[in-house]
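# Per-entry structural report
Residue-level listing of the chains:
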Amino acid sequence: MDKFLNSSRKRDNPEVISYIEKKQKIRKYDDSYLNFGFTITVVANVEHPQCVVCLKVMAVESMLPNKMKRHLETVHGNLVNKPRDYFISKLKAMAQQKHIFTKQATIPSKALLSSYKVAWRIAKSKKPHTIAENLILPAAMDMVSIMIGDAAAKQLQNVPLSDNTISRRIQDMAEDINDQLIEKLIG
């Protein structure tokens, strides 16, 4: 009777813990899941199913054929009888879209450094954040186009200087200074 009343002893027992860990089965992606319009994506080193039509990333527990089929029937009912080739083309389009997005979303390192330097100067001079977009960038473009050329001036347009960006850069620098100060006080 004691063994049924004392449940904390069960949780601390290594045999019970190993049994529970063995019982939890993590499914692996199977190529046949593409018939339901699903591929995989890795989130925190764990495979998650991802719909190639709506790009929705599902929970790990959804890596079951019946759950994927239910998603296809309820969300994309008009695609139920589509052949596998249709989902393969969607998968290729999704991969290409990811490649284009990462290519467009990356900021050149020199432009990023320039943005931080401008934000530092604005914070140091205690001027409004909009001054970067309204005054500094146009003035810098004028100077560069006169001294170097129009091609170099166009490259300055890659430097992100909107008021939200400047504000975020100043916040990042303030947090970094705060972290450095805490490290020096502690260590």
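Residues numbered from 1 in each chain as written. Predicted model: local features only at pLDDT ≥ 70, side-chain atom pairs only at ≥ 80, totals over all residues. Heavy atoms only, no water.

## Points about the overall build of the protein
- For the protein, the count of helices and strands is 9 helices and 2 strands.
- When the helices and strands of the protein are read in sequence order from the N terminus, they spell out α-α-α-β-β-α-α-α-α-α-α.
- Within the span of the protein, comprising 187 residues, buried residues form 21% of the whole.
- In the protein, once contacts between residues fewer than 6 apart in sequence are set aside, the share between residues at least 24 apart is 49%.
- Accessible surface, the protein as shown: approximately 14,200 Å² in total, 56% of it carbon and sulfur. (Helix = DSSP H or I, 4+ residues; strand = E, 2+ residues; numbered from the N terminus. Buried < 20%, exposed > 50% of the residue type's maximum accessible area, 1.4 Å probe, protein only. Contact = heavy atoms within 4.5 Å. Areas by Shrake-Rupley, 256 points an atom, 1.4 Å probe, with all protein chains shown as cover.)

## So, the confidence of the model for the protein
- Looking at the protein, pLDDT values average 83 and 82% of them are 70 or higher.
- Considering each helix and strand of the protein separately, the mean pLDDT is smallest for helix α2 (residues 7-12), with a value of 50, and largest for helix α7 (residues 131-147), with 94. (pLDDT = per-residue confidence, 0-100.)

## Describing the packing of aromatic side chains
- Applying the stated criterion across every chain yields a total of 2 aromatic pairs.
- An angle of 75° between the planes, with centres 5.6 Å apart, marks the rings of Tyr29 and Tyr33 as edge-to-face.
- Note that Lys82 overlies the ring of Tyr86, its terminal NZ or CZ placed 5.1 Å from the centroid.
- The ring of Tyr116 carries the charged tip of Arg169 above its face, separated from the ring centre by 4.8 Å. (Phe/Tyr/Trp six-rings, centres within 6.5 Å; stacked < 30°, edge-to-face > 60°. Lys NZ or Arg CZ within 6 Å of the ring centre and 35° of its normal.)

## Regarding helix α4 (residues 65-75)
- Listed as buried for α4 are Met68, His71 and Leu72. One side of α4 carries all its buried residues, which in axial view fall inside an arc of 95°. In α4, those exposed residues whose orientation departs by more than 90 degrees from the buried face are Asn66 and Thr74. (Arc of directions from axis to C-beta.)

## Topic: the packing of helix α6 (residues 109-125) against helix α9 (residues 163-186)
- Following both chains from N to C, one finds α6 and α9 inclined at 80°, their axes separated by 9 Å at the closest point. The orientation of α6 relative to α9 falls into the category roughly perpendicular. Here Leu112, Ser115, Tyr116, Val118, Ala119, Trp120, Ile122 and Ala123 of α6 come into contact with α9, specifically with Thr165, Ile166, Arg169, Ile170, Asp172 and Met173.
- Split by residue class, the contact of α6 with α9 holds 10 nonpolar, 2 polar and 2 charged. (Axes fitted to C-alpha atoms, helices over the stretch in contact; angles between N-to-C directions. Parallel < 35°, antiparallel > 145°, perpendicular 65-115°, else oblique. Nonpolar A, V, L, I, M, F, W, Y, C, P; charged D, E, K, R; others polar.)

## A look at the nonpolar core
- Of all hydrophobic cores here, the largest spans 11 residues; its members are Ala111, Val118, Ala119, Ile122, Ala132, Leu137, Met141, Val159, Leu161, Ile166 and Met173.
- Of all the elements in the fold, those that place two or more residues in this core are α6, α7 and α9.
- Examining the composition of this core, we find that 4 residues originate from one element, α6, more than from any other.
- Setting aside its immediate chain neighbours within four residues, Met173 contacts Tyr116, Ala119 and Trp120. (Core = buried A, V, L, I, M, F, W, Y, C linked by side-chain atoms within 4.5 Å.)

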